[in-house]
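Structural features, examined
Chain by chain, the residues run as shown.
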Amino acid sequence: MNKTFLRPASPALVATVAAALLLGGCANMSERQKGTAVGAGIGAGVGAVIGKTTGGKAGTGAVVGGAIGAVAGNLWSKRMEDKRREMEQATAGTGVTVARTDDNQLRVNLPGDISFDTGRSNIRPDMAPILSKFAQGLDGSMNVQITGHTDSQGSDAINNPLSKDRADAVRDYLVAQGVPATRISTAGRGEHQPIADNATAEGRAKNRRVEIFLREPAKTGG
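These remarks concern the structure in this document. (Residues numbered from 1 in each chain as written. Predicted model: local features only at pLDDT ≥ 70, side-chain atom pairs only at ≥ 80, totals over all residues. Heavy atoms only, no water.)

Quick notes on the overall build of the protein chain
Here is the rule we go by: Note on conventions: DSSP H or I runs of at least 4 residues are helices, E runs of at least 2 residues are strands, and numbering of each starts at the N terminus. The buried label applies to any residue whose accessible area, calculated with a 1.4 Å probe on protein chains only, is under 20% of its type's maximum; exposed applies above 50%, and partly exposed to all values in between.
The secondary structure content of the protein chain amounts to seven helices and five strands. The secondary structure elements of the protein chain, listed N-terminal to C-terminal, are α-α-α-α-β-β-α-β-α-β-α-β. Counting the 222 residues in the protein chain, one finds 40% classified as buried.

Take a look at the structure:
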């Protein structure tokens, strides 16, 4: 009788699959918890491979790799997660979108229907309380990047400086709320980074926006 023997699954595969199942089964996990789980799974896989190729035990490598991966995957800190949730609650129902970017920044997108009128860079009353909430309790060590955008109406000679003026207007408001000016940078992109169709009034309102990016300072080794 021929016997069929199944090879045991490698620790790397087990760890990676476990992390995937964990994410799939826990829809309510926070962004920080998801980062930790994914990092742990990937780290375990890499650690197991390194352990095998260097003559060590794959299981031990998986454990060590998982621990390292968990730290690496958890670059999204608790205070960033708290700020994300705070901004989501403050902007619910306003059309503002709040999201974590792939490089672990918090992005707050303020569309034109609450931010700026066509051809203007004045802070609209609807946007002021949102900016105040953003500034509230903001750690002074965090960096803020503000990018202004316009719709396609008008020439570059008008739109490029207008988009920068919009970013500067948001900066000035945040500074008045106590955010250190040295931590804020601004840029204008004119009409060149649209996110909607400029052929419609609705699309132009989405493109006429300001994006605020919040990030923690890079950690330096000692």
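Looking at the packing of helix H5 (residues 128-135) against helix H6 (residues 156-176)
How we decide: To obtain an axis, a line is fitted to C-alpha atoms, over the contacting stretch when the element is a helix, and the angle between two such axes runs from 0 to 180 degrees between their N-to-C directions. Note on angle classes: values under 35 degrees are labelled roughly parallel, values over 145 roughly antiparallel, values of 65 to 115 roughly perpendicular, and the remainder oblique. Should the near helix be turned counterclockwise from the far one by less than a right angle, the crossing is left-handed, whereas a clockwise turn marks it as right-handed. In what follows, a contact means two residues having at least one pair of non-hydrogen atoms within 4.5 Å.
Contact geometry for H5 and H6: axes closest at 9 Å, N-to-C directions at 55°. Compared by their axis directions, H5 and H6 come out oblique. Helix-helix and strand crossings are classified by hand; for H5 and H6 the assignment is right-handed. In this structure, H5 uses Ala128, Leu131, Ser132, Phe134 and Ala135 to contact H6, whose residues at the interface are Val170, Tyr173 and Leu174.

Focus: the pairing of strand S4 (residues 184-188)
Put simply, the test is: Strand pairing is assigned whenever DSSP detects at least two bridges linking the two strands. Seen with its strands pointing away from the viewer, a crossover is right-handed if its path from the first strand over the helix to the second goes clockwise.
Examined bridge by bridge, strand S3 (residues 143-148) and S4 share five bridges and lie parallel to one another. Counterpart to Gly148 in the pairing with S4 is Gly188. A crossover connection joins S3 to the parallel S4 through H6; in handedness this β-α-β unit is right-handed.

Considerations on H5
Side chains of residues three or four places apart in an α-helix project in the same direction, reflecting 3.6 residues per turn. Using the following cut-off: By arc we mean the arc of the directions from the helix axis to the C-beta atoms, nothing more.
Of all the positions in H5, only Ala128, Ile130, Leu131, Phe134 and Ala135 are classed as buried. Summarising the axial view, the buried residues of H5 lie within an arc of 160°, below the 170-degree limit, and thus occupy one face. Where the residues of H5 are buried, they touch helix H4 (78-91), strand S2 (106-110), S3, H6 and strand S5 (210-215). Once H5 ends, the next one or two residues include Gly137, with phi positive near 70°.

Some remarks on unusual backbone geometry
Phi angles above zero are rare outside glycine, and Asn104 is one such case at about 65°. Topologically, Asn104 is positioned in the loop between strand S1 (97-100) and S2.

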